[in-house]
Amino acid sequence: MARRGHRPSQAPASRPRFYGRHAVLAALANPNRTVRKIWGTREALSALDLPPVLPIVYADVADLGRMVPSDAPHQGLVAEVEPLEDVWLGDLLESGADNRRPLMILDQVTDPHNVGAILRSAAAFDALGIVTQDRHAPPESGALARAASGTLETVPWVRVVNLARALEEIAEAGFWRVGLTGHVETTLAEAIGAPKVALVMGAEGEGMRANTEAHCDELAKLPISAKVESLNVSNAAAIALYAVATRPDA
């Protein structure tokens, strides 16, 4: 497992609160995650094998509903957690030195639902991990954990200060960096022949920044119909990861 750095422990008011069975159960099962407190209905909590030292609060559905965003499906469970400790890029690249697992790089994708969905796709297609900027990416949150459906706990997530420098380090590790954009003629299938592929995606609408594109080895597009201007970034990420996973020589 990649070595993790240490973040200062957050004050209780700023700790993320996860909700829903997948997110809460995955957090409880992750030995690298500290769960501080759990709220739940008697029915939901009775089905769990919880550590005796974990503070538990029984609550009804209405009380739980007030603890989460409006209309969020908490499924009778809410947990207060500590954010995961940092994963270092060098450690992640070292762990993937001898395999062909793809790497996903996100340039200023800030919507937690999109990042959560991309984590889920990364897990589904056995990606090595995802890389984002530290300041222009969403923090861990209930919405992100819910969208990730438990995979926030299993897919390594590297946050970097300088994405261009990180892309240089990724290239030095032997990855062919393919940036997804709509303004080129090369298709993704034509661009992913290299053994180790890093897929680079920008924010929906704005796309990758110019400096990020300049740090890609090749730019490529998904061959979508002219009837649709673009895809949601999480949908595009899933298709791109599938394309890498199903290469003829994969």
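Just so it is clear, the structure is predicted and the values come from calculations on it, not from any experiment. (Residues numbered from 1 in each chain as written. Predicted model: local features only at pLDDT ≥ 70, side-chain atom pairs only at ≥ 80, totals over all residues. Heavy atoms only, no water.)

Moving on, we get to the nonpolar core. Within the largest apolar cluster, 46 residues are counted, with the highest numbers of intra-cluster contacts made by I38, M104, L119, I130 and L199. With residues up to four places along the chain from it excluded, the contact list for I38 reads V24, L28, L45, L48, L50, L54, P55, I56, V57, L77, V78 and A79. If you look at the next biggest cluster of nonpolar residues, it comprises 19 residues, including L89, L92, L93 and V200. (Core = buried A, V, L, I, M, F, W, Y, C linked by side-chain atoms within 4.5 Å. Buried < 20%, exposed > 50% of the residue type's maximum accessible area, 1.4 Å probe, protein only. Contact = heavy atoms within 4.5 Å.)

The strand order across the open sheet built from four strands is β1-β4-β2-β3, with neighbouring strands paired in mixed fashion. Single-partner strands in this sheet number two, and they are β1 (17-19) and β3 (56-58). Each neighbouring strand pair of the sheet contributes to a mean axis angle of 20°, computed without reference to strand direction. Two elements, strand β2 (residues 35-40) and β3, share three bridges in a ladder whose sense is parallel. Residue I38 lies in a different strand from β3, and its bridge partner there is I56. Along the sheet face, helix α1 (residues 21-29) touches β1, β2 and β4 (77-81) and points at about 120° away from the line of β1. (Pairing = 2+ DSSP bridges. Helix = DSSP H or I, 4+ residues; strand = E, 2+ residues; numbered from the N terminus. Axes fitted to C-alpha atoms, helices over the stretch in contact; angles between N-to-C directions.)

Before going further, it helps to spend a moment on the environment of P195. With respect to the helices and strands, the residue P195 is situated in the loop between α8 (188-191) and β9 (197-202). Relative accessible area serves as the criterion here: at 47%, P195 is assigned to the partly exposed category. C-alpha separation for the pair P195 and D134, spaced 61 residues apart in sequence, amounts to 28 Å. Ignoring sequence-local partners within four residues, the contact set of P195 consists of R100 and R247.

Two side chains of opposite charge can pair, provided their charged atoms sit close to one another. Overall, the coordinates contain eleven salt bridges when judged by the stated rule. Ionic pairing is found between R17 and E80, a salt bridge with its closest N-O pair at 3.8 Å. On the criterion of sequence distance, the pair formed by R17 in strand β1 and E80 in strand β4 is long-range, its members being 63 residues apart. Judged by its relative accessible area of 36%, R17 is partly exposed. Exposure remark for E80: the relative accessible area of 8% places this residue in the buried category. (Salt bridge = Lys/Arg side-chain N within 4 Å of Asp/Glu carboxyl O.)

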